[in-house]
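Listed below, chain by chain, are the residues.
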Amino acid sequence: MKMAETEKDILNDLRELGDSISQYTFLIGCAGECLPFPEEYRTDEYLIRECLVKTWAYAGWEDERCVFLADSESLIVKGALSLLQELYAGRSRMEIAGYHCGLLDEEIFCQHFTGEQIAGLRVILKKLCS
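The present account deals with the structure reproduced in this document.

Reading the values: the criteria
- Residues numbered from 1 in each chain as written.
- Predicted model: local features only at pLDDT ≥ 70, side-chain atom pairs only at ≥ 80, totals over all residues.
- Heavy atoms only, no water.
- Phe/Tyr/Trp six-rings, centres within 6.5 Å; stacked < 30°, edge-to-face > 60°.
- Buried < 20%, exposed > 50% of the residue type's maximum accessible area, 1.4 Å probe, protein only.
- Helix = DSSP H or I, 4+ residues; strand = E, 2+ residues; numbered from the N terminus.
- Lys NZ or Arg CZ within 6 Å of the ring centre and 35° of its normal.
- Salt bridge = Lys/Arg side-chain N within 4 Å of Asp/Glu carboxyl O.
- Patch = residues over 30% accessible without salt bridge, like charges linked within 9 Å, V, L, I, M, F, W, Y side chains within 5 Å.
- Areas by Shrake-Rupley, 256 points an atom, 1.4 Å probe, with all protein chains shown as cover.
- Lys, Arg positive; Asp, Glu negative; His and termini not counted.
- Charge placed at Lys NZ, Arg CZ, Asp CG, Glu CD.
- Expected span 1.5 Å × (residues − 1).
- Arc of directions from axis to C-beta.
- Axes fitted to C-alpha atoms, helices over the stretch in contact; angles between N-to-C directions.
- Parallel < 35°, antiparallel > 145°, perpendicular 65-115°, else oblique.
- Contact = heavy atoms within 4.5 Å.
- Nonpolar A, V, L, I, M, F, W, Y, C, P; charged D, E, K, R; others polar.

### Notes on the packing of aromatic side chains
Move 1: Per the counting criterion, the structure on display carries 7 aromatic pairs.
Move 2: For the pair Phe 37 and Tyr 41, a centre-to-centre distance of 6.1 Å together with 55° between the ring planes defines the contact as tilted. Each member of the pair Phe 37 and Tyr 41 is classed as buried.
Move 3: Ring geometry for Tyr 88 and Tyr 99: centres 6.0 Å apart, planes at 70°, overall edge-to-face. With Tyr 88 in helix H3 (residues 75-88) and Tyr 99 in the loop between helix H4 (93-97) and helix H5 (107-110), this residue pair connects regions lying 11 residues apart in the sequence. In this structure, Tyr 88 and Tyr 99 share a single accessibility class: buried.
Move 4: Through successive ring pairs, a cluster of aromatic residues spans Phe 37, Tyr 41, Tyr 46, Trp 56 and Tyr 58.
Move 5: Above the ring of Trp 56, the side-chain terminus of Arg 42 is found at 5.0 Å from the ring centroid.
Move 6: The aromatic ring of Trp 61 is capped on one face by Arg 93, whose charged end is 4.2 Å from the ring centroid.

Listed below in structure tokens is the structure:
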């Protein structure tokens with residue numbers, strides 16, 4: 001599935017849930033889908049300083065595919081990270097270079113996060129796109 005289709009599915013899932021409590025519960029539930037975050041990356045080098053709670057992110061390349069690992073002490077942020085993993089992990093450089101993630105531009109997604117959380121997620125997106 002293409003990145004745009006995956007993003008559309010995520011947004012459709014949120015819309016189908018309808019109310020903000022169900023959407024928030026869905027995002028919290030996504031935290032359990034986050035890929036395991038290795039202890040060796042829980043260092044200041046991978047800490048996202050824009051986040052109010054400890055959040056780490058590693059983005060790299062293996063066999064020309066994106067490796068994106070992340071974790072947060074905030075369940076809602078961790079849920080968002082799992083959705084970003086769904087979008088980016090395993091994708092090629094070409095796929096990522098030609099893609100603009102619009103999740104952080106969508107009210108239905110952003111309404112569940114504070115300004116600081118969105119700022120931290122934007123920093124992580126920049127890491128993924130570089």
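### Re the pattern of salt bridges
Move 1: Taken as a whole, this structure holds 8 salt bridges when the rule is applied.
Move 2: Asp 71 is the partner of Arg 42 in a salt bridge, and the nearest nitrogen-oxygen pair spans 2.8 Å. With a gap of 29 residues between them, Arg 42 in the loop between helix H2 (20-30) and strand S1 (55-62) and Asp 71 in strand S2 (residues 65-72) connect regions that are remote in the sequence.
Move 3: Accessibility expressed as a relative area gives 28% for Arg 42, which makes it partly exposed.
Move 4: In this structure, the salt-bridge partner of Arg 91 is Glu 95, at a minimum N-O distance of 3.4 Å.
Move 5: What makes Arg 91 buried here is its relative accessible area of 10%.
Move 6: Given the relative accessible area of 30%, Glu 95 is considered partly exposed.

### Focus on a negative patch on the surface
Move 1: There is a patch of like negative charges on the surface, built from Glu 5, Asp 9, Asp 13, Glu 16, Glu 33 and Glu 86.
Move 2: Looking at which element gives the most residues to the negative patch, the answer is helix H1 (residues 3-17), with 4 residues.
Move 3: Structurally, Glu 16 is set in helix H1.

### Re H1
Move 1: Compared with an ideal rise of 1.5 Å per residue, which puts 15 residues at 21 Å, H1 spans 22 Å between its outermost C-alpha atoms and is within 8% of the ideal.
Move 2: Met 3, Thr 6, Glu 7, Ile 10, Leu 11 and Leu 14 are the residues of H1 that are buried. For H1, the angular spread of buried residues about the axis comes to 135°, placing them on one side. Residues Lys 8 and Glu 16 are exposed on H1 and point more than 90 degrees away from its buried face.
Move 3: Directly beyond the C-terminal end of H1, a positive phi value near 80° is found at Gly 18.

### Here's the deal with the packing of H2 against H3
Move 1: Orientation of H2 relative to H3, taken along the N-to-C sense of each, is 70°, at an axis distance of 6 Å. Accordingly, the angle class assigned to the pair H2 and H3 is roughly perpendicular. Where H2 approaches H3, its residues Tyr 24, Leu 27, Ile 28 and Cys 30 are matched on the opposing element by Leu 75, Ile 76, Gly 79, Ser 82 and Leu 83.
Move 2: Class assignment for the residues of the contact of H2 with H3 results in 7 nonpolar, 2 polar and no charged.

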